[in-house]
Amino acid sequence: MTVQSKSRLSFLTESRVWRSFFRHGWPDNPLDRSLTMTSNVFFHLHPVKVSRKSLRWSYSFGLGVISAILFAVLVITGVILMFYYVPSIERAYPAMKEIQLSVPLGEFTRNMHRWSAHAMVLVVILHMVRVFYTGAYKPPREFNWVVGVSLLLMTLGASFTGYLLPWDQLSYWAITVGTNIAGYAPVAGPAMREMLLGGADVGQNALIRFYTLHIAVVPLIMIVAISIHLWRVRKDGGLAANDVAASNRAANPKAK
Amino acid sequence: MPDQSPVTDEIFPQHTNKTYALVELMHGESPLVGKGPDDTVFSFPVVLLWEIVLLLGVTLVIFLFSLFKQAPLEAIANPLITTDPAKAPWYFIGLQELLEHMHPLLAGILIPTILVLFLVALPYIDHAREGAGVWFSSARGKRIVALTALYTVIVMPAYILFDNAFSLRELLRNSAPQWVAQGLLPALIILVINVIPLLVLWRWKPSTREVMLTLFTILLVSAVVFTLSGFLFRGPGFKMYLPWQMPNGYNPFDGL
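Residues numbered from 1 in each chain as written. Chains lettered and ligands numbered in written order. Predicted model: local features only at pLDDT ≥ 70, side-chain atom pairs only at ≥ 80, totals over all residues. Heavy atoms only, no water.

### Things to note about the overall build of chain A
Okay, step 1: For chain A, the count of helices and strands is 13 helices and 1 strand.
Okay, step 2: In chain A, the succession of helices and strands from N to C terminus is α-α-α-β-α-α-α-α-α-α-α-α-α-α.
Okay, step 3: For 256 residues, the compact-globule estimate of 2.2 N^0.38 gives 18 Å, and chain A exceeds it by more than 25% at 24 Å.
Okay, step 4: Principal axes of the C-alpha set define a box for chain A whose edges measure 75 × 50 × 30 Å.
Okay, step 5: Considering chain A as a whole, with its 256 residues, one finds that 50% of them fall into the buried category.
Okay, step 6: Of the contacts made within chain A by residues no fewer than 6 positions apart, 64% connect residues no fewer than 24 positions apart.
Okay, step 7: Accessible area of chain A: about 12600 Å², with a carbon and sulfur share of 68%.
Okay, step 8: Across chain A, 25 positive and 12 negative side-chain charges occur, with their mean positions spaced 14 Å apart. (Helix = DSSP H or I, 4+ residues; strand = E, 2+ residues; numbered from the N terminus. Rg over C-alpha atoms; globule rule 2.2 N^0.38 Å. Buried < 20%, exposed > 50% of the residue type's maximum accessible area, 1.4 Å probe, protein only. Contact = heavy atoms within 4.5 Å. Areas by Shrake-Rupley, 256 points an atom, 1.4 Å probe, with all protein chains shown as cover. Lys, Arg positive; Asp, Glu negative; His and termini not counted. Charge placed at Lys NZ, Arg CZ, Asp CG, Glu CD.)

### Concerning the overall build of chain B
Okay, step 1: The helix and strand inventory of chain B stands at 8 helices and 1 strand.
Okay, step 2: Listing each helix as α and each strand as β along chain B from the N terminus yields α-β-α-α-α-α-α-α-α.
Okay, step 3: For chain B, the proportion of contacts with a sequence separation of at least 24, taken over those separated by at least 6, is 66%.

### A word on the pattern of salt bridges
Okay, step 1: Taken as a whole and assessed by the stated rule, the structure comprises 4 salt bridges over all chains.
Okay, step 2: A salt bridge links D236(A) to R232(A), with the nearest nitrogen and oxygen atoms 3.4 Å apart.
Okay, step 3: By relative accessible area, which is 11% here, D236(A) ends up buried.
Okay, step 4: Across the pair E97(B) and R234(B) runs a salt bridge, and its minimum N-O distance is 2.7 Å. Taken as a pair, E97(B) in helix α3 (residues 93-99) and R234(B) in the segment after α8 (208-232) lie far apart in primary sequence, 137 residues in all.
Okay, step 5: Among the residues examined, E97(B) registers a relative accessible area of 0% and is labelled buried.
Okay, step 6: We classify R234(B) as buried; its relative accessible area is 2%. (Salt bridge = Lys/Arg side-chain N within 4 Å of Asp/Glu carboxyl O.)

### Considerations on the nonpolar core
Okay, step 1: Ranked by internal contacts, the top residues of the largest apolar core, which has 46 residues, are F132(A), Y133(A), W145(A), M222(A), L119(B) and F216(B).
Okay, step 2: When residues in this core are grouped by element, the largest group, 11 residues, is from helix α8 (residues 106-133) of chain A.
Okay, step 3: Those residues within four positions of M222(A) in sequence are excluded, and the remaining contacts are F71(A), M120(A), L151(A), M154(A), T155(A) and A158(A). (Core = buried A, V, L, I, M, F, W, Y, C linked by side-chain atoms within 4.5 Å.)

### A few points about unusual backbone geometry
Phi is mostly negative for residues that are not glycine, and the peptide bonds are mostly trans.
Okay, step 1: For the bond from P139(A) to P140(A), the omega torsion is 5°, close enough to zero to count as cis.
Okay, step 2: Its place among the elements puts P140(A) in the loop between α8 and α9 (142-164).
Okay, step 3: Here the residue pair D84(B) and P85(B) is connected by a cis peptide bond, since its omega of -5° sits within 30 degrees of zero.
Okay, step 4: Residue placement: P85(B) occurs in the loop between α2 (43-68) and α3.
Okay, step 5: Phi angles above zero are rare outside glycine, and W167(A) is one such case at about 55°.
Okay, step 6: The residue W167(A) is located in the loop between α9 and α10 (169-183) in this model.
Okay, step 7: You will see that F238(B), though not glycine, has its phi angle at about 55°, which is positive.
Okay, step 8: Within the secondary structure layout, F238(B) lies in the segment after α8.

### Comments concerning a nonpolar patch on the surface
Residues and elements named next belong to chain A.
Okay, step 1: On the surface, V75, I76, V79, I80, M82, F83 and Y84 cluster together into a nonpolar patch covering about 640 Å² of accessible area.
Okay, step 2: Positionally, V79 belongs in helix α6 (residues 63-82).
Okay, step 3: A relative accessible area of 41% means that V79 is categorised as partly exposed. (Patch = residues over 30% accessible without salt bridge, like charges linked within 9 Å, V, L, I, M, F, W, Y side chains within 5 Å.)

### Re the packing of aromatic side chains
Okay, step 1: This structure, assessed with the given rule, holds 24 aromatic pairs over all chains.
Okay, step 2: Here the aromatic rings of W18(A) and F22(A) are separated by 4.7 Å at their centres, their planes lie at 50°, and the arrangement is tilted.
Okay, step 3: Judged by centre distance (5.7 Å) and plane angle (90°), the rings of W167(A) and Y172(A) are edge-to-face. Of the two residues, W167(A) and Y172(A), neither departs from the other in class, the shared state being buried.
Okay, step 4: Taken together, the ring pairs connect W57(A), F61(A), F132(A), Y133(A), Y137(A), W145(A), W50(B), W135(B), F136(B) and F216(B) into an aromatic cluster. (Phe/Tyr/Trp six-rings, centres within 6.5 Å; stacked < 30°, edge-to-face > 60°.)

### Quick notes on the environment of G62(A)
Okay, step 1: Checked against the element boundaries, G62(A) lands in the loop between α5 (57-60) and α6.
Okay, step 2: The contact partners of G62(A), leaving out residues within four places of it in the chain, are W57(A), W50(B) and L54(B).

### Quick notes on the confidence of the model for chain A
Okay, step 1: Per-residue confidence for chain A averages 88 on the pLDDT scale, and 93% of its residues sit at or above 70.
Okay, step 2: Counting interchain partners and residues more than four positions distant, the pLDDT-below-50 stretch residues 249-256 of chain A has 13 contacts. (pLDDT = per-residue confidence, 0-100.)

### A few points about the side chain of D32(A)
All names here are of chain A.
Okay, step 1: Looking at the secondary structure, you find D32 in helix α3 (residues 30-38).
Okay, step 2: Buried D32, no salt bridge; nearest opposite-charge side chain is R19, N-O distance 6.2 Å.
Okay, step 3: Ignoring sequence-local partners within four residues, the contact set of D32 consists of H24, G25, W26 and P27.

### Quick notes on helix α7 (residues 178-202) of chain B
Residues and elements named next belong to chain B.
Okay, step 1: Here α7 spans 35 Å end to end across 25 residues, near enough to the 36 Å set by a 1.5 Å rise per residue.
Okay, step 2: Residues of α7 that are buried: V180, A181, Q182, G183, P186, I190, I193, P197 and L201.
Okay, step 3: For α7, the secondary structure elements touched by its buried residues are α4 (104-125), α5 (139-165), α6 (168-171) and α8. (Expected span 1.5 Å × (residues − 1).)

### Focus on the side chain of T179(A)
Okay, step 1: Examined against the element boundaries, T179(A) turns out to sit in helix α10.
Okay, step 2: Those residues within four positions of T179(A) in sequence are excluded, and the remaining contacts are F160(A), R193(A), L196(A), L197(A) and F210(A).

### Brief notes about the packing of α8(A) against α9(A)
Residues and elements named next belong to chain A.
Okay, step 1: Relative orientation of the contacting elements α8 and α9 amounts to 160°, with a least axis distance of 10 Å. Judged on the interaxial angle alone, α9 and α8 are roughly antiparallel. Like other packed secondary-structure pairs, α8 and α9 cross with a definite hand, here left-handed. Only W145, L152, T155, L156, S159 and Y163 of α9 make contact with α8, whose side of the interface consists of R114, H118, M120, V121, V124, I125, M128, V131 and F132.
Okay, step 2: In terms of residue class, the contact of α8 with α9 is made up of 11 nonpolar, 3 polar and 1 charged. (Axes fitted to C-alpha atoms, helices over the stretch in contact; angles between N-to-C directions. Parallel < 35°, antiparallel > 145°, perpendicular 65-115°, else oblique. Left-handed = near helix turned anticlockwise from the far one by under 90°. Nonpolar A, V, L, I, M, F, W, Y, C, P; charged D, E, K, R; others polar.)

Written as C-alpha cells, this is what we have:
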C-alpha cells in the first residue's frame with residue numbers, strides 16, 4: 001500500500017510521531033476507543049465502558065467531577081497569586097492591596113480563587129451527601145468512601161489555612177476563633193493549637209505555617225488522594241449505578 | 001418450587017449440556033462472550049465530552065461570579081481590636097454555634113470527633129450490598145429521610161431558640177456544677193433528640209441502611225441548621241438577630 005492511497009487521517013495516525021505519542025489508532029472503533037482510555041495516563045482513571053444509567057445527570061449531578069474541576073481552578077489561580085503574595089505579616093496585606101489595585105486582573109484572579117474555594121467546600125459536601133443517599137459507600141466501595149471523607153477534611157483544611165493569608169481583620173479573627181476551638185481538647189488541645197500556630201497567638205509563625213500548609217502540604221496530599229479516589233472509582237466498578245444495571249442483566253457466575 | 005432465576009439466565013444459560021447453541025448474527029460493536037446484553041457505552045468520547053461541558057460550565061459560572069462579586073478585604077489585621085462579631089469561616093460556624101450551647105470540650109472536640117468517626121465507620125457498619133446505586137435505596141428509605149428531615153428541621157431550631165432564651169448555663173449557675181449544666185445535660189439533650197426518631201423507626205423493623213439514613217439525615221440537617229443559625233442569625237456579640245435587623249450595619253455576607 002502506498003502513502004498516496006491512504007486517507008489523510010491514517011497518514012497522520014500512522015506516522016512515526018503520532019505513534020510515539022499514542023499507542024492506538026484514531027478512536028472510531030471499539031478497540032481504539034478502549035486503547036484510548038487504557039493507554040493514556042489521564043484517561044486511564046476512567047473505565048473503558050460505563051453504563052448509561054451512571055451517566056444520567058439526575059443520578060450524580062456531576063458533583064465529583066465539579067469538585068475536581070474546582071480544585072484545578074484553585075491550583076491555577078493559586079499559583080498565579082503566589083507570584084505576588086508574600087507570607088510576612090508586614091508585607092502580606094500590602095501584597096493583597098497590590099493584587100487588588102495594580103496587578104493586571106489581580107483582583108479578578110483573587111475573586112476566582114476565593115469563590116472557587118467556597119464553592120469547592122460546598123460541592124464536596126454535596127458530593128458526599130449524594131454518595132451517601134445513593135448508598136454508594138457500600139461494598140466494594142468502603143475504602144473509597146473513607147478516602148472521600150479524608151478528602152473532605154483536607155478540603156476544609158486547605159480552605160481554612162488559606163483563610164488567614166490576606167492578613168486582614170476578617171481572616172485574623174476567623175483563624176483566632178477557629179484555632180481556639182482546637183485548644184479546647186483535653187491534654188493535647190493547647191499543644192495542638194500551639195503546634196498549628198507556632199506560638200500562643202496568631203502571628204508571623206502562624207502565617208508561614210498556614211502558607212506552607214496551604215500552598216504545598218495540603219494540595220500535594222490532595223492530588224495523591226484525588227488520584228487514588230478517581231482510580232478506585234474505576235477499580236470498584238464505576239459508579240454504584242452500574243451495580244444496579246449489572247444485577248438487572250444476566251448474572252455471570254464467573255465474574256464478581 | 002417456582003423458578004427464581006432471572007429471565008436473562010434462561011435466555012443466556014451459563015451451564016448447559018447441549019452441544020449446540022442458538023446463535024444469531026447481531027448488530028453490535030464488541031464481542032460479548034458469556035454475557036447477556038448490557039446497557040453500556042464506551043467512555044470515549046461520551047464521558048470526556050460530558051466532562052468538558054462541566055468544565056466549561058463551572059468555569060463560566062465562577063468567571064461571571066468573580067466579575068460581579070468582589071472578594072472581601074477588610075482593614076489590616078490588628079490583634080488589639082477584636083471584630084464584633086468574630087466569626088469562624090462559614091464551614092466551621094456550625095461548631096461555633098454549638099459552642100454557644102455547651103461546654104467547649106463537648107462542642108469543639110467530642111461531637112466533631114464522633115461525627116468524623118461515624119462517617120469513617122459508616123460503610124463498615126452498613127455493609128450489605130442491597131440498595132446501592134439507587135437514591136434513598138427504596139421508596140420506604142425516601143419516606144424515612146423525608147420524615148427525619150422534617151423532624152430535625154423543627155427540633156434543632158427549637159433547641160437553639162429555647163437554649164438561647166433560657167440558657168442552661170444561666171439557669172443552673174448556682175444549683176449545678178458546670179460539667180452538669182454545660183456538659184452532661186446538653187449531651188443528654190442531643191442524645192435524646194437522636195434517639196427519638198430511632199425509637200419510632202424501631203417499630204418499622206428497619207434495616208441497617210435505614211438506621212444509617214436516619215442518623216445521617218439528622219447529622220446533615222442539624223449541620224445545616226447550626227451553620228445557618230451561626231452565619232445568618234448571629235450579629236454583634238454573637239447574639240441572635242433577624243438577618244435583616246442586624247445592628248451597626250453588620251451584614252453576615254461581608255464575611256464570606
